[in-house]
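Now for the letters of each chain:
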Amino acid sequence: MSSPSPPAPVSCAAAISAAEKVDGFTRKSVRKAQRQKRSQGSSQFRSQGGQAELHPLPQLKDVTSNEQQELFCQKLQQCCVLFDFMDSVSDLKSKEIKRATLNELVEYVSTNRGVIVESAYSDIVKMISANIFRTLPPSDNPDFDPEEDEPTLEASWPHIQLVYEFFLRFLESPDFQPSIAKRYIDQKFVQQLLELFDSEDPRERDFLKTVLHRIYGKFLGLRAFIRKQINNIFLRFIYETEHFNGVAELLEILGSIINGFALPLKAEHKQFLMKVLIPMHTAKGLALFHAQLAYCVVQFLEKDTTLTEPVIRGLLKFWPKTCSQKEVMFLGEIEEILDVIEPTQFKKIEEPLFKQISKCVSSSHFQVAERALYFWNNEYILSLIEENIDKILPIMFASLYKISKEHWNQTIVALVYNVLKTLMEMNGKLFDDLTSSYKAERQREKKKELEREELWKKLEELKLKKALEKQNSAYTEHGILECNTNAS
Amino acid sequence: MAGAAGPGAGPGAAGGDGDDSLYPIAVLIDELRNEDVQLRLNSIKKLSTIALALGVERTRTELLPFLTDTIYDEDEVLLALAEQLGNFTGLVGGPDFAHCLLPPLESLATVEETVVRDKAVESLRQISQEHTPVALEAHFVPLVKRLASGDWFTSRTSACGLFSVCYPRASNAVKAEIRQHFRSLCSDDTPMVRRAAASKLGEFAKVLELDSVKTEIVPLFTNLASDEQDSVRLLAVEACVSIAQLLSQDDLEALVMPTLRQAAEDKSWRVRYMVADKFSEVKCIGISGIENLKGICPADFLLDTTINLSILGLELVSDTNQHVKSALASVIMGLSTILGKENTIEHLLPLFLAQLKDECPEVRLNIISNLDCVNEVIGIRQLSQSLLPAIVELAEDAKWRVRLAIIEYMPLLAGQLGVEFFDEKLNSLCMAWLVDHVYAIREAATNNLMKLVQKFGTEWAQNTIVPRVLVMANDPNYLHRMTTLFCINALSEACGKEITTKQMLPIVLKMAGDQVANVRFNVAKSLQKIGPILDTNALQGEVKPVLQKLGQDEDMDVKYFAQEAISVVAQRLRKLDFPVKDSEEPSIPGVDKNLFLRPRVPGENTGKAQRGRAAPVASKEAVDAAPLRGTNAAKGPHVNTRDTLAQLETAELMHFPQSRE
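Being a predicted model, the structure only gives us computed values, none of them experimental.

A few points about the overall build of chain B
- A count of helices and strands for chain B gives 36 helices and zero strands.
- Taking all contacts inside chain B whose residues are at least 6 apart in sequence as the whole, residues at least 24 apart take part in 70%.
- When the accessible surface of chain B is summed, it comes to about 28,100 Å², and 54% of that surface belongs to carbon and sulfur atoms.

As for the overall build of chain A
- For chain A, the helix and strand inventory stands at 21 helices and two strands.
- Across the 488 residues in chain A, those meeting the buried criterion constitute 49%.
- Nonlocal contacts in chain A, meaning residues at least 24 apart in sequence, comprise 75% of its contacts between residues at least 6 apart.
- A total of about 24,100 Å² of accessible surface is found on chain A, and carbon and sulfur atoms cover 53% of it.

Observations regarding the side chain of B:Asp514
- Along the chain, the position of B:Asp514 falls in the loop between helix H29 (497–511) and helix H30 (517–530).
- Within the structure, the side chain of B:Asp514 is placed 2.5 Å from the side chain of B:Arg481, a separation counted as a polar contact.

A few points about helix H8 (residues 187–195) of chain A
- Among the residues making up H8(A), those that are buried are A:Phe189, A:Val190, A:Gln191, A:Leu193 and A:Leu194.
- Buried residues belonging to H8(A) abut helix H5 (118–132), helix H6 (157–172), helix H9 (202–218), helix H10 (223–241) and helix H11 (247–259) of chain A.

Observations regarding helix H25 (residues 419–433) of chain B
- When the local axis directions of H25(B) are compared, the greatest deviation, roughly 60 degrees, occurs at B:Leu426.
- All buried positions along H25(B) are accounted for by B:Phe421, B:Phe422, B:Leu426, B:Asn427, B:Leu429, B:Cys430, B:Met431 and B:Trp433.

Focus on the packing of aromatic side chains
- Using the criterion set out here, one finds 32 aromatic pairs over all chains in the structure.
- On the basis of an interplanar angle of 50 degrees and a centroid distance of 6.1 Å, the ring pair of A:Phe261 and A:Phe300 is categorised as tilted. Residue A:Phe261 is found in the loop between H11 and helix H12 (267–277), and its partner A:Phe300 is found in helix H13 (residues 290–303); the two are separated by 39 residues along the sequence. The two residues A:Phe261 and A:Phe300 agree in class, both being buried.
- With a centroid separation of 4.9 Å and 70 degrees between ring planes, the pair formed by B:Phe456 and B:Trp460 is classed as edge-to-face. Both residues of the pair, B:Phe456 and B:Trp460, count as buried.

Some points on the pattern of salt bridges
- Taken as a whole and judged by the stated rule, the model has 40 salt bridges over all chains.
- Residue A:Glu249 pairs with A:Arg205 through a salt bridge whose shortest N-O separation is 3.1 Å. Note that A:Glu249 is positioned in helix H11 and A:Arg205 in helix H9, a separation of 44 residues in sequence. A:Arg205 matches A:Glu249 in its accessibility class, with the two residues each being buried.
- We note a salt bridge from B:Arg60 to B:Glu57, for which the minimum N-O separation is 3.8 Å. One end of the pair, B:Arg60, and the other, B:Glu57, are both in helix H4 (residues 47–69), three residues apart, so they sit about a helical turn from each other.
- The class for B:Glu57 is partly exposed, based on a relative accessible area of 45%.
- Connected via shared salt-bridge partners are A:Arg134, A:Glu154 and A:Glu204.

What about a negative patch on the surface?
Residue and element names in this part refer to chain A.
- On the surface, a cluster of negative charge is contributed by Glu453, Glu454, Glu460 and Glu461.
- Structurally, the position occupied by Glu453 is in helix H21 (residues 428–487).
- On the accessibility criterion, Glu453 (47% relative accessible area) is partly exposed.

Observations regarding the confidence of the model for chain B
Residues and elements named next belong to chain B.
- Averaged over chain B, the pLDDT score is 72; the fraction of residues at 70 or greater is 70%.
- Every residue in residues 1–21 is under pLDDT 50, and counting partners more than four places away or in other chains gives 20 contacts.
- Counting interchain partners and residues more than four positions distant, the pLDDT-below-50 stretch residues 310–321 has 33 contacts.
- Both scores are available for the predicted complex, with the pTM at 0.65 and the ipTM at 0.73.

Here we look at the confidence of the model for chain A
Residues and elements named next belong to chain A.
- In this model, chain A carries a mean pLDDT of 81, and residues with pLDDT of at least 70 account for 84%.
- The low-confidence segment residues 1–39 (pLDDT under 50) makes 45 contacts with residues lying over four places distant or belonging to another chain.
- A low-confidence stretch, residues 479–488 (pLDDT under 50), is modelled with three contacts involving residues beyond four sequence positions or located in other chains.

A short note on the environment of A:Arg223
Residue and element names in this part refer to chain A.
- Here Arg223 is to be found in helix H10.
- Note on Arg223: relative accessible area 27%, which makes it partly exposed.
- Through-space distance from the C-alpha of Arg223 to that of Gln187 is 10.0 Å; in sequence the pair is 36 residues apart.
- Contact partners of Arg223, with chain neighbours within four places excluded, come to Tyr216 and Gly217.

Remarks on the environment of B:Ala198
Residue and element names in this part refer to chain B.
- Within the secondary structure layout, Ala198 lies in helix H12 (residues 191–207).
- In this structure the C-alpha to C-alpha distance between Ala198 and Leu185, which are 13 residues apart in sequence, comes to 9.3 Å.
- Contacts of Ala198, omitting those with residues within four sequence positions, involve Leu224, Val232, Leu235, Ala236 and Ala239.

Observations regarding unusual backbone geometry
- For the peptide bond that leads from A:Leu263 to A:Pro264, omega is -10 degrees, which places it in the cis range.
- Along the chain, the position of A:Pro264 falls in the loop between H11 and H12.

Brief notes about the nonpolar core
- A:Ile215, A:Phe234 and A:Trp376 are the most contacted members of the largest nonpolar core, which totals 233 residues.
- Dropping the residues within four chain positions of it, A:Ile215 is found in contact with A:Phe167, A:Leu171, A:Ile185, A:Phe189, A:Val190, A:Leu193, A:Leu222 and A:Ile226.
- Membership of the second largest hydrophobic core comes to 86 residues, among which are B:Val374, B:Val453, B:Leu491 and B:Phe561.

Focus on the packing of H9(A) against H10(A)
Residue and element names in this part refer to chain A.
- The N-to-C vectors of H9 and H10 enclose an angle of 140 degrees; their axes lie 8 Å apart at closest approach. The orientation of H9 with respect to H10, classified from their angle, is oblique. Of H10, the residues touching H9 (which contributes Leu212, Ile215, Tyr216 and Gly217) are Arg223, Ile226, Arg227 and Ile230.
- Residues belonging to the contact of H9 with H10 are distributed by class as follows: five nonpolar, one polar and two charged.

Observations concerning the packing of helix H3 (residues 37–45) of chain B against helix H5 (residues 75–85) of chain B
All names here are of chain B.
- Relative orientation of the contacting elements H3 and H5 amounts to 5 degrees, with a least axis distance of 9 Å. In terms of orientation, H3 and H5 fall into the roughly parallel class. Every residue of H5 that contacts H3 at Val37, Arg40, Leu41, Ile44 and Lys45 is listed here: Glu76, Val77, Ala80, Leu81 and Gln84.
- Broken down by class, the residue content of the contact of H3 with H5 amounts to six nonpolar, one polar and three charged.

Points about the state of the cysteines
- For the structure shown, the criterion picks out zero disulfides over all chains.
- Cysteine A:Cys79 shares no disulfide, and the gap to the nearest cysteine sulfur, in A:Cys80, comes to 7.5 Å.

Topic: the side chain of B:Asn427
- Its location among the elements puts B:Asn427 in helix H25.
- Those residues in contact with B:Asn427, other than ones at most four positions away along the chain, are B:Phe422, B:Thr464, B:Ile465 and B:Arg468.

A look at the environment of B:Val271
Residue and element names in this part refer to chain B.
- One can find Val271 in helix H16 (residues 269–285).
- Since its relative accessible area comes to 1%, Val271 is described here as buried.
- Every residue in contact with Val271, bar those within four places of it in the chain, is listed here: Asp230, Arg233, Leu234, Val237, Ala263 and Asp266.

The rules behind the values
Residues numbered from 1 in each chain as written. Chains lettered and ligands numbered in written order. Predicted model: local features only at pLDDT ≥ 70, side-chain atom pairs only at ≥ 80, totals over all residues. Heavy atoms only, no water. Helix = DSSP H or I, 4+ residues; strand = E, 2+ residues; numbered from the N terminus. Contact = heavy atoms within 4.5 Å. Areas by Shrake-Rupley, 256 points an atom, 1.4 Å probe, with all protein chains shown as cover. Buried < 20%, exposed > 50% of the residue type's maximum accessible area, 1.4 Å probe, protein only. Polar contact = N/O pair within 3.5 Å; in protein donor to acceptor, adjacent residues only side chain to side chain. Bend = angle between axes of the 7 residues up to and from the residue. Phe/Tyr/Trp six-rings, centres within 6.5 Å; stacked < 30°, edge-to-face > 60°. Salt bridge = Lys/Arg side-chain N within 4 Å of Asp/Glu carboxyl O. Patch = residues over 30% accessible without salt bridge, like charges linked within 9 Å, V, L, I, M, F, W, Y side chains within 5 Å. Lys, Arg positive; Asp, Glu negative; His and termini not counted. Charge placed at Lys NZ, Arg CZ, Asp CG, Glu CD. pLDDT = per-residue confidence, 0-100. Core = buried A, V, L, I, M, F, W, Y, C linked by side-chain atoms within 4.5 Å. Axes fitted to C-alpha atoms, helices over the stretch in contact; angles between N-to-C directions. Parallel < 35°, antiparallel > 145°, perpendicular 65-115°, else oblique. Nonpolar A, V, L, I, M, F, W, Y, C, P; charged D, E, K, R; others polar. Disulfide = S-S within 2.5 Å.

The following block contains the structure:
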């Protein structure tokens with residue numbers, strides 16, 4: 001039996017050249033198809049040393065318990081040998097031996113008690129490090145679209161999967177003692193583990209997520225370090241590279257970490273919220289991790305309601321200008337926040353927030369408008385609006401009134417009518433006042449606009465005048481400067 | 001000092017006072033606070049106008065404090081602000097007051113958004129030059145120190161970019177402090193700051209005294225080059241280029257090379273890649289002579305590293321990332337000039353050959369585009385076996401940009417491969433491009449033919465190119481027929497009077513009867529273009545009647561271009577007549593020639609206009625590659641060009657008298 005291996009690149013290449021001969025124009029699509037199927041090897045550089053052939057060792061269950069410990073370590077050492085999975089035909093026998101050994105090791109640590117002795121920790125961590133720590137290969141497809149394209153898969157997965165499996169069983173074993181393990185699973189180890197979250201292979205990231213979660217749970221001394229490193233990864237992602245595959249997974253872990261924060265929140269955590277999580281909303285690939293991100297933000301607000309105002313102001317600052325898809329996500333997050341908001345906090349942000357909502361409601365993209373109008377289906381939000389109708393209605397009125405007449409999409413027009421009706425029921429008097437002053441208000445705005453233009457026109461004239469003056473005085477000034485230099 | 005500031009501030013202050021009532025600061029600030037981001041942005045972009053209205057005094061005392069206080073805004077607004085402030089020195093009263101600009105820029109330099117911060121740093125660097133040495137130490141250096149010891153990483157990151165501008169003008173005591181600050185940023189806690197420091201290491205090294213470079217920069221370099229994060233290590237490698245230039249050969253070998261060798265074997269491909277990439281930059285410093293280069297890198301190291309590189313190269317050649325591969329392809333050819341013939345054949349040739357067979361067109365293209373480097377060293381023949389299939393495949397690539405790129409290298413390749421090889425293998429490709437379905441390719445192919453003729457001579461053109469071009473005049477596809485005309489336009493000059501009159505002109509004239517209007521008006525344009533090359537008899541006897549007939553065409557565009565051509569041709573005929581009438585003057589032998597040349601000036605001008613004009617037609621065609629459109633549809637593309645044409649025409653007219661002067 002042979003281990004499942006990726007399709008050999010050789011055969012793909014042959015297929016292409018045949019297709020090319022028939023029609024040069026098919027190549028592009030064929031290439032793309034080929035690329036999607038391809039998997040990546042980790043850095044080939046590391047496996048350049050002489051390749052040792054593996055010889056099968058006896059089964060652990062076949063030896064006496066005295067010998068078991070030594071055999072266990074031998075097997076761990078054997079599993080440190082790495083193979084080139086990009087070459088699907090080389091070392092088939094040795095690859096199979098390693099696979100079987102890894103399987104046996106997984107079973108051995110999960111079914112036996114008392115096998116994880118102090119002396120084994122070093123070998124275990126060494127074996128794990130040798131297999132999973134590697135420089136990730138460059139992204140095959142720089143404009144990778146996670147919603148369209150298939151991710152590139154790790155070629156050595158048949159082995160790596162088992163190593164992760166083993167790692168998890170090791171961490172979860174009742175015999176596992178963090179006090180011993182911390183000698184090996186240290187900051188450097190965690191650092192390397194975190195870098196692996198950039199792996200393009202979702203299967204690997206999923207394992208990493210669980211592994212990191214267990215480590216965070218068991219190693220109290222590493223917690224602050226892990227948080228800080230995640231912080232750095234996120235900052236690099238937001239402000240430098242805009243690329244990191246494991247953002248969603250890291251956020252998921254953070255969600256449960258935030259959940260466990262003690263009150264009152266430390267300044268460090270608040271800073272993380274405001275300087276990392278909120279700016280993260282600007283990322284290009286927000287769709288990939290927005291759910292996890294919004295969860296983290298709401299977790300913070302549930303812990304400490306006073307954070308509501310800065311968070312909402314932050315979101316308003318980063319409100320998407322051109323990406324409607326993101327705007328819909330922002331509106332979703334705002335609704336999640338409003339769901340848990342305290343009425344006193346609501347009062348603090350209602351004005352800027354509803355100015356934005358009023359813009360969204362009149363968006364010409366109907367999904368944005370629709371998402372914003374759905375707020376009026378939310379009972380709690382509705383009650384908040386009703387309480388503050390005197391403030392909110394004047395902000396919302398103009399846009400609602402305008403689109404009820406102008407919007408191209410009939411669904412939106414219908415929704416707006418309902419919203420207007422609800423608002424009218426809340427305060428009929430104010431509504432009538434606003435209706436009657438609508439035109440005057442528009443005219444005042446127009447006048448103001450004209451005044452602005454006038455002002456700028458005058459400023460421009462002034463600028464020209466000054467430029468002329470300057471030109472004229474340049475000669476005289478030049479003269480003076482010359483005098484000065486002469487004098488000195 | 002007061003004397004110098006006086007006249008500068010005088011008129012400004014007076015203006016400010018005079019406009020006081022007109023522009024109270026509140027109104028202007030209201031503009032900067034407008035609720036609409038777009039309006040706010042517009043106002044910020046006109047900040048200089050506002051400052052001008054306020055005058056220098058009030059800009060300093062009122063506007064700048066306001067700006068410093070209201071830094072919390074959208075990043076786009078902040079970016080515009082950071083940019084404006086860099087050019088504000090004059091508006092606050094000149095260099096003596098430049099330091100007033102520091103507070104708002106300092107706040108901007110601590111903002112999270114990278115582009116804002118970078119712009120603020122850029123403006124600060126600009127302003128630093130306007131400070132007097134005293135002001136620099138009194139205001140600027142303290143700011144740099146504050147940023148360098150800021151709490152949040154952003155301010156420390158920004159500080160990294162400011163050391164090198166204030167260091168050279170600071171006193172010795174301050175210099176020591178600056179170096180100390182830089183050192184501590186190089187070992188900062190956060191990788192973001194270390195990256196910023198590493199990326200400025202080279203720049204900072206350049207302004208330091210040589211001793212400090214050796215005792216301080218080199219250890220920093222060594223540390224950064226072995227940082228735990230590969231993103232830091234690779235930036236350190238980048239800095240190595242600048243440091244290497246500063247050191248003597250011995251120092252270089254002792255201080256920098258061990259680290260660099262280590263980096264060439266780094267476990268991260270990114271770092272190794274940077275070594276490869278920067279290596280070629282070291283090479284660029286001394287491209288003129290290898291000796292010069294050896295001064296920078298000891299020869300054995302060169303060899304050593306290059307062998308390393310070729311291992312690395314092999315690694316990268318088989319790398320899965322096409323960008324890594326194509327970047328490598330673009331630098332690797334340059335190595336051959338350093339290595340000499342033997343080493344190139346031994347170490348590099350296999351790589352070139354492998355890359356010529358790469359599946360990614362960019363990689364192959366990069367190799368081919370750098371062929372001249374290799375040609376100098378080992379001659380192109382070594383490669384021609386592999387070269388040809390690569391060229392052929394690129395020539396037929398599905399992406400037209402790839403095809404376009406290879407066309408551009410054709411003249412170069414032709415020169416290096418020689419006429420025989422070319423005729424045998426490549427000529428048919430060049431002809432095939434003429435009937436490509438993308439206009440840009442046809443156009444490039446046309447220009448390519450001209451360059452080839454310039455290279456191989458008219459005889460070659462007459463035998464190989466011209467007949468095949470002319471055959472296309474009978475093609476059923478009107479686009480191909482037009483290509484014939486375009487080729488004639490391009491080739492006539494290179495081919496000369498004889499070929500143009502005898503072979504090309506009859507075909508052009510025949511095409512005047514084409515049923516597609518686009519072809520007919522292009523005939524008119526071609527006749528105008530080749531007119532200067534033809535002799536007067538042909539012009540008078542053959543061209544003029546045809547143009548006159550086209551001038552009566554039912555299609556308005558044909559008519560227009562025909563009339564334009566007629567006027568140019570007529571002008572030329574008149575000018576030729578001119579010396580005959582004025583023959584009382586003693587004619588100098590050169591006169592005739594001069595006068596013959598003169599009409600070519602407007603001819604060349606129209607040529608320019610024509611190229612500009614071709615563009616809109618071209619793009620339309622590229623999109624719509626329909627082989628033949630009805631006459632009505634055919635009118636589509638060129639009707640619009642009339643306006644551009646008219647504009648160009650006036651532009652030419654306005655330009656022309658000047659150029660004659």
